[in-house]
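# Observations on the model geometry
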Amino acid sequence: MGKRKSKAQPAPKKRMDKLDTVFCCPFCNHASSVDCRIDMKNLIGEAACRICQESFSTSITALTEPIDIYSEWIDECHRVNTFEDNDD
């Protein structure tokens, strides 16, 4: 008589690291001063600094994370600064 085959245990799921939701302000350079809020009802994402009151709003999708909103803000700041440099 043979042994019964034991069921192989499924591999444990890998944990994904949590992404940041608080960031450094590109204008006043205070660490952990920018909060990102996502309004799924109106599909609007907003990043705002608590220190200097600067803010940025953008349209979002269901897959948007706070890091995406902050990255768009940084990209937009870079685009505006590059445009002003080319204008001179």
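Residues numbered from 1 in each chain as written. Predicted model: local features only at pLDDT ≥ 70, side-chain atom pairs only at ≥ 80, totals over all residues. Heavy atoms only, no water.

### Structural notes on the nonpolar core
Note the threshold: Residues belong to a common nonpolar core when they are buried Ala, Val, Leu, Ile, Met, Phe, Trp, Tyr or Cys residues joined through side-chain atoms within 4.5 Å. Exposure categories follow from relative accessible area, calculated using a 1.4 Å probe and restricted to protein chains: below 20% of the type maximum is buried, above 50% is exposed, and the middle band is partly exposed. Where helices and strands are cited, they refer to DSSP runs of H or I of at least four residues and of E of at least two residues respectively, numbered from the N terminus. Pairs of residues are marked as contacts when any of their non-hydrogen atoms sit within 4.5 Å.
Counting residues in hydrophobic clusters, the biggest one holds 12 residues: Phe23, Cys25, Val34, Cys36, Ala47, Cys49, Phe56, Ile60, Ile69, Tyr70, Trp73 and Cys77. Every element with two or more residues in this core is listed here: strand E2 (34-39), strand E3 (44-49) and helix H1 (66-87). Ranked by residue count, the leading element in this core is H1, at 4 residues. Beyond its immediate sequence surroundings of up to four residues, alanine 47 is in contact with Val34, Asp35, Cys36, Glu54, Ser55, Phe56, Ile69 and Trp73.

### Comments concerning the sheet that holds E3
Note the cut-off: Strand pairing is assigned whenever DSSP identifies at least 2 bridges connecting the two strands.
Spatially, the 4 strands line up as an open sheet ordered E1-E2-E3-E4, and their pairing is antiparallel. The outermost strands of the open sheet, each flanked by one partner alone, are strand E1 (22-23) and strand E4 (55-59). Sheet analysis places E2 next to E3, joined by 6 bridges and oriented antiparallel. Paired with arginine 37 across the bridge in E3 is glutamate 46.

### Some thoughts on the pairing of E4
Burial along E4 is one-sided: the face carrying Phe56 and Thr58 is buried and the face carrying Ser55, Ser57 and Ser59 is not. With 5 bridges joining them, E3 and E4 adopt antiparallel strand pairing. By the bridge assignment, isoleucine 44 is partnered in E4 with serine 59. Here E3 hands over to E4 after 5 residues, with glutamine 53 in that stretch at a positive phi of 65 degrees.

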